[in-house]
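# Structural overview for review
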Amino acid sequence: MNAQVNLDMINEMGTKGFESMRELGEINLRNWERMVARQMASVSLMMETGLRQAKAASEVKGYNELAKIQVEFAKELGQRMVEETRQNLKLAGDARDEYRVWLEKGMSNVKAKMAQATAKAA
C-alpha cells in the first residue's frame, strides 16, 4: 500500500468514527429526554396525590373517614405507579434496541473494512 491509500483509509475511518459517535450522542440525548419526561410524570403524579390528600384531610369529619380516603388514595397511587413502571420498562427496552442496532451497524462497518483491507493485502 502506498502512503495516499493509507491516508485515505485513515481519513475515512476518522469520518466514520465521528459519524458513529454523533449517532451515539443522538441516541443518548433522545433516551435522556424520554427518561426525564417519565420522571417528571412520576413526580407530577406524586404531587397530585399529595395535594388531593391534603385537601381531603381538611374536608373530612373524622379519623375513620380520613383513614378510608387515605387507603383509597394509596391504592390508586399504587395502580398508577405500576403503569408508570410498565412504561419505564418499555422505554428501557426501546433504548436497548436502539443501542443494539447502533452497535450492530458499527460492527458491520468494521467487518466490511477488515474484509476490504484483507482483500487488498492478498
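Just above sits the structure.
These lines cover the structure that appears in this document, whether it is placed above or below.

Reading the values: the criteria
Residues numbered from 1 in each chain as written. Predicted model: local features only at pLDDT ≥ 70, side-chain atom pairs only at ≥ 80, totals over all residues. Heavy atoms only, no water. Helix = DSSP H or I, 4+ residues; strand = E, 2+ residues; numbered from the N terminus. Rg over C-alpha atoms; globule rule 2.2 N^0.38 Å. Buried < 20%, exposed > 50% of the residue type's maximum accessible area, 1.4 Å probe, protein only. Contact = heavy atoms within 4.5 Å. Axes fitted to C-alpha atoms, helices over the stretch in contact; angles between N-to-C directions. Parallel < 35°, antiparallel > 145°, perpendicular 65-115°, else oblique. Nonpolar A, V, L, I, M, F, W, Y, C, P; charged D, E, K, R; others polar. Expected span 1.5 Å × (residues − 1). Patch = residues over 30% accessible without salt bridge, like charges linked within 9 Å, V, L, I, M, F, W, Y side chains within 5 Å. Areas by Shrake-Rupley, 256 points an atom, 1.4 Å probe, with all protein chains shown as cover. Salt bridge = Lys/Arg side-chain N within 4 Å of Asp/Glu carboxyl O. Polar contact = N/O pair within 3.5 Å; in protein donor to acceptor, adjacent residues only side chain to side chain.

From N to C terminus, the protein chain includes two helices and zero strands. Expected size for 122 residues packed as a compact globule is a radius of gyration near 14 Å; at 27 Å, the protein chain overshoots this value by more than 25%. Along the first, second and third principal axes, the C-alpha set of the protein chain runs to 90 × 20 × 10 Å. Expressed as a percentage of its 122 residues, the buried residues of the protein chain come to 15%. Put simply, of all contacts in the protein chain between residues at least 6 apart along the chain, 80% involve residues at least 24 apart.

Relative to each other, helix α1 (residues 3-59) and helix α2 (residues 63-121) sit at 180°, their axes nearing to 10 Å. Comparing their axes, α2 and α1 come out roughly antiparallel. Classifying every residue of the contact of α1 with α2 gives 18 nonpolar, nine polar and 13 charged.

Relative to the 84 Å expected for 57 residues at 1.5 Å per residue, α1 spans 84 Å between its end C-alpha atoms, a close match to the ideal helical length. Burial in α1 covers these residues: Leu24, Ile27, Asn31, Arg38, Ser42, Leu45, Thr49 and Ala56. Those residues of α1 hidden inside the fold are in contact with α2.

What follows concerns a nonpolar patch on the surface. Taken together, the side chains of Leu29, Trp32, Met35, Val36 and Met40 define a hydrophobic patch exposed on the protein surface, amounting to about 520 Å² of accessible area. Take Met35: it is sitting in helix α1.

Right, let's get into α2. Taking 1.5 Å of rise per residue, the 59 residues of α2 would be expected to cover 87 Å, and the 85 Å separating its terminal C-alpha atoms lies within 8% of that figure. Among the residues making up α2, those that are buried are Ile69, Phe73, Leu77, Glu84, Leu91, Gly93, Ala95, Glu98 and Trp102. The secondary structure elements touched by the buried residues of α2 are α1.

Our focus in this paragraph is the environment of Arg52. Within the secondary structure layout, Arg52 lies in helix α1. Given the relative accessible area of 29%, Arg52 is considered partly exposed. In this structure the C-alpha to C-alpha distance between Arg52 and Phe73, which are 21 residues apart in sequence, comes to 8.3 Å. A polar atom in the side chain of Arg52 sits 2.8 Å from the side chain of Glu76.

To continue, consider the pattern of salt bridges. All told, the structure shown has 14 salt bridges when counted by the stated rule. The partner of Asp97 in a salt bridge is Arg100, with the nearest N and O atoms 3.1 Å apart. Highlighted residues: Asp97 and Arg100, both in helix α2, separated by three residues, approximately one helical turn. On the basis of relative accessible area, Arg100 is assigned to the partly exposed category, the value being 41%. One connected set of salt bridges, linked through shared partners, spans Glu48, Arg52, Glu76 and Arg80.

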